[in-house]
Amino acid sequence: MNKASLIENISYQDHQSPTVMVLFKTPNTKELRILMKKGQFMKEHKAPYPIVIELFEGEVDFGINGEKQLLKRGDIIALEANVPHDLDCISDCIVRLSISVLDSVERVNQVSQ
């Protein structure tokens, strides 16, 4: 069994980069929490494997192939591998990201800088 909290030990960074934290790993996925303050962003990037993004708190302008859509608290989106996307934080948010166990957390950290 794996257990983690999306809301415990919240610490938004004052600098420009979102905060990425591994919550836990399963045999198939790595579950991450991304904390973003209003105005922070993650530049356009692609994931090498399918991903699932859940907006647990806040609002994000989520770009897919250059088209923006507003994601609000509770929204979930799934993307296939290699789909260009970006995130622009509208209000302080907590994002849950599920990536393949074959993917690297370092890649996610590099995108957030």
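Quick caveat: nothing in here was measured; it's all calculated off a predicted structure.

Draft legend 1. How the structure looks around the side chain of Arg-107. By the secondary structure assignment, Arg-107 is in helix H1 (residues 105–111). The class of Arg-107 is buried, set by a relative accessible area of 17%. Discounting residues that sit within four places of it in the chain, Arg-107 has contacts with His-45, Lys-46, Ala-47, Pro-48 and Ile-99.

Draft legend 2. Broad picture of the pairing of strand E6 (residues 76–79). In E6, alternate side chains face the same way, and those of Ile-77 and Leu-79 are buried while those of Ile-76 and Ala-78 on the opposite face are not. In terms of strand pairing, strand E4 (residues 51–64) meets E6 through four bridges, oriented antiparallel. By the bridge assignment for E6, Val-52 is matched with Ala-78.

Draft legend 3. The arrangement of unusual backbone geometry in detail. In this model, Asn-9 sits at a positive phi of 55°, which is unusual for a non-glycine residue. Structurally, Asn-9 is set in the segment before strand E1 (19–25).

Draft legend 4. Summary view of the pattern of salt bridges. The tally for this structure, following the rule as stated, stands at six salt bridges. Its salt-bridge partner being Arg-96, residue Glu-54 comes within 3.2 Å of it at the nearest N-O pair. With Glu-54 in strand E4 and Arg-96 in strand E7 (residues 85–100), the pair connects residues that are 42 residues apart, well separated along the chain. With a relative accessible area of 17%, Glu-54 lands in the buried category. Ionic pairing is found between Asp-103 and Arg-107, a salt bridge with its closest N-O pair at 2.7 Å. A cluster of three or more residues bridged by salt bridges with shared partners is formed by Glu-31, Glu-54 and Arg-96.

Cut-offs applied
Residues numbered from 1 in each chain as written. Predicted model: local features only at pLDDT ≥ 70, side-chain atom pairs only at ≥ 80, totals over all residues. Heavy atoms only, no water. Helix = DSSP H or I, 4+ residues; strand = E, 2+ residues; numbered from the N terminus. Buried < 20%, exposed > 50% of the residue type's maximum accessible area, 1.4 Å probe, protein only. Contact = heavy atoms within 4.5 Å. Pairing = 2+ DSSP bridges. Salt bridge = Lys/Arg side-chain N within 4 Å of Asp/Glu carboxyl O.

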